[in-house]
Amino acid sequence: MGLNQHCDRDLITILFQDVDGLQVFKDGHWISIDPIEGAFVVNFGYLLEVISNGKLKAVEHRVVTNAKASRQSLVYTIFPEKEMIIKPATCLINEANPPHYRSFKVEDFNRHFFAVSNNNDEMMKFMLA
Ligand SMILES: O=C(O)CCC(=O)C(=O)O
Ligand SMILES: [Fe+2]
C-alpha cells in the first residue's frame, strides 16, 4: 500500500519496514530509505519541529508501491495529550534566537491538521509565529 506525501502529526515516529518503498523529500528530490536489517527509521513530526524551534525538521515522506514484493511496515508514534500546549522550548529561546513558532494546544493543532487534510503549507502557516 502506498501513502501520499506528508509530514507526521506527532512528536516522533519510529518505524520498521521489511521492503523498500519509503522515500523522503530532501533538496528537491525524493530519496529512497531502504530497509536496513535490524534497524528502525526515526522520523521527526511537526510537533518536535515546533518544540526544537526548527532545529529538527519534520521531513516530508511518502510510500511508493512495489510490483515485485509485498511490503509491511510497523509504525510506532509518540503523541502528546490533546490538552497539552506545544511551543518552542524556553531553553532554546533568547535574544539571538527568537521563537519561530507560536504556542498552540494539541487539540487545536489536530483539528487544523484534519481540516486542511495535512496540507504542508497550511500546517506551516498554523505553526509559524
Ligand atoms: O509505511 C511506512 O513506511 C510509513 C508510514 C507513515 O509514513 C505513517 O504512518 O505516517
Ligand atoms: Fe508518515
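Look up: the structure comes first, before these words.
In this text, all values refer to a predicted model and were calculated from it rather than measured experimentally. (Residues numbered from 1 in each chain as written. Chains lettered and ligands numbered in written order. Predicted model: local features only at pLDDT ≥ 70, side-chain atom pairs only at ≥ 80, totals over all residues. Heavy atoms only, no water.)

Caption draft 1: Molecular detail of the pairing of strand β4 (residues 29-32). Pairing between strand β3 (residues 22-26) and β4: 4 bridges, direction antiparallel. What sits directly across from Phe-25, in β4, is Trp-30. Where β3 folds back on β4, the antiparallel hairpin that results is connected by 2 residues, among which Asp-27 adopts a positive phi of roughly 50°. (Pairing = 2+ DSSP bridges. Helix = DSSP H or I, 4+ residues; strand = E, 2+ residues; numbered from the N terminus.)

Caption draft 2: Representation of helix α3 (residues 120-127). Residues of α3 that are buried include every one of Met-123, Met-124, Phe-126 and Met-127, and no others. The buried residues of α3 occupy an angular sector of 160° when the element is viewed end-on, so they sit on one face. In α3, the exposed positions angled more than 90 degrees off the buried face are occupied by Asp-121 and Lys-125. Each element contacted by the buried residues of α3 is listed here: α1 (46-51), β9 (104-105) and α2 (106-115). Between the side-chain oxygen at the start of α3 and the backbone nitrogen of Asp-121 there is a gap of 3.0 Å, and the oxygen is on Asn-119. (Buried < 20%, exposed > 50% of the residue type's maximum accessible area, 1.4 Å probe, protein only. Arc of directions from axis to C-beta. Contact = heavy atoms within 4.5 Å. Polar contact = N/O pair within 3.5 Å; in protein donor to acceptor, adjacent residues only side chain to side chain.)

Caption draft 3: Just the coordination of the iron ion (ligand 2), in detail. Binding of the iron ion (ligand 2) to the protein goes through His-6 (NE2), Asp-8 (OD) and His-61 (NE2), at separations of 2.1 Å. When the donor residues of the iron ion (ligand 2) are listed from N- to C-terminus, their spacing reads H-x1-D-x52-H. In this pair, His-6 sits in strand β1 (residues 3-6) while His-61 sits in strand β6 (residues 61-63), placing the two residues 55 residues apart along the sequence. Both residues of the pair, His-6 and His-61, belong to the buried class. (Donors = N, O, S within 2.8 Å, 3.2 Å for Na, K, Ca; no water.)

Caption draft 4: The sheet that holds strand β7 (residues 73-78), seen in detail. Taken in spatial order, the 3 strands make up an open sheet running β5-β2-β7, and their pairing is antiparallel. This sheet does not close on itself; its edge strands, each paired only once, are β5 (41-44) and β7. If you compare each strand with its neighbour and ignore which way they point, the axes differ by 20° on average. Summarising the sheet, strand β2 (residues 12-17) and β5 pair through 4 bridges and their orientation is antiparallel. Looking across to β5, one finds that Leu-15 is bridged to Val-41. (Axes fitted to C-alpha atoms, helices over the stretch in contact; angles between N-to-C directions.)

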